[in-house]
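Given next are the chains, with one letter for each unit.
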Amino acid sequence: MLKNLTDSAMVVALGGFNAHVGTVGGGTHLASLSAHLNLQGVMGASKESPGANSRLLATIVATGEVANELSLMLALAVGQLVKSHMK
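The rules behind these values
- Residues numbered from 1 in each chain as written.
- Predicted model: local features only at pLDDT ≥ 70, side-chain atom pairs only at ≥ 80, totals over all residues.
- Heavy atoms only, no water.
- UniProt positions renumbered as here; feature names shortened; annotations may be inferred.
- Helix = DSSP H or I, 4+ residues; strand = E, 2+ residues; numbered from the N terminus.
- Buried < 20%, exposed > 50% of the residue type's maximum accessible area, 1.4 Å probe, protein only.
- Contact = heavy atoms within 4.5 Å.
- Expected span 1.5 Å × (residues − 1).

- For the chain, an unreviewed UniProt entry supplies the name hydroxymethylglutaryl-CoA reductase (NADPH) and the organism Hibiscus sabdariffa.
- Recorded under Subcellular location (unreviewed entry), the UniProt text for the chain is reproduced unchanged: "Endoplasmic reticulum membrane".

### Structural notes on the overall build of the chain
Here is step 1 of the chain: Helix and strand content of the chain: three helices and two strands.
Here is step 2 of the chain: Helices and strands in the chain line up, N terminus first, as β-β-α-α-α.
Here is step 3 of the chain: Residues counted as buried form 13% of the 87 residues belonging to the chain.
Here is step 4 of the chain: Relative to all contacts within the chain whose residues are 6 or more apart in sequence, the contacts with residues 24 or more apart total 32%.

### Quick look at the environment of G22
Here is step 1 of the chain: Within the secondary structure, G22 is located in the loop between β2 (10–12) and α1 (31–40).
Here is step 2 of the chain: Residue class for G22 comes out partly exposed when judged on its relative accessible area of 33%.
Here is step 3 of the chain: Sequence spacing of G22 and L37 is 15 residues, and the spatial spacing of their C-alpha atoms is 9.4 Å.
Here is step 4 of the chain: Look past the residues within four positions of G22 in its chain and what remains in contact with it is T28, L37 and L57.

### Regarding the side chain of T28
Here is step 1 of the chain: Along the chain, T28 falls in the loop between β2 and α1.
Here is step 2 of the chain: Residue contacts for T28: discarding those within four places in its chain leaves G22, T23, L33, S34, L37 and M43.

### Description of helix α2 (residues 52–77)
Here is step 1 of the chain: Here α2 contains 26 residues, and its C-alpha end-to-end distance of 37 Å stays within 8% of the 38 Å for a straight helix at 1.5 Å per residue.
Here is step 2 of the chain: Among the residues of α2, those classed as buried are N53, L57, E65 and A75.
Here is step 3 of the chain: Positive phi shows up at G79, right after α2, with a value of about 75°.

### Describing the environment of A45
Here is step 1 of the chain: Structurally, the position occupied by A45 is in the loop between α1 and α2.
Here is step 2 of the chain: As a C-alpha pair, A45 and G22 span 23 residues in sequence and 9.4 Å in three-dimensional space.
Here is step 3 of the chain: Setting aside its immediate chain neighbours within four residues, A45 contacts V24 and N53.

Structure follows, in structure tokens:
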């Protein structure tokens, strides 16, 4: 849902979005995953603020999803979604 509050602000709400993200355990020891976590600066547990790296990673993932949704809405609004897939 995209809602225009004023001329310069909007609220975006993602429904049905469920992604489990983690910075420790699981596959974080795999070379490709640990490289990406290190690149984003969220590898492992934060010693200064427990949970901070997981929250930051969740923010990064959610930001990417919002960008994806905005791109989709724009493509639909200008009629380019179908055209781009027909090329």
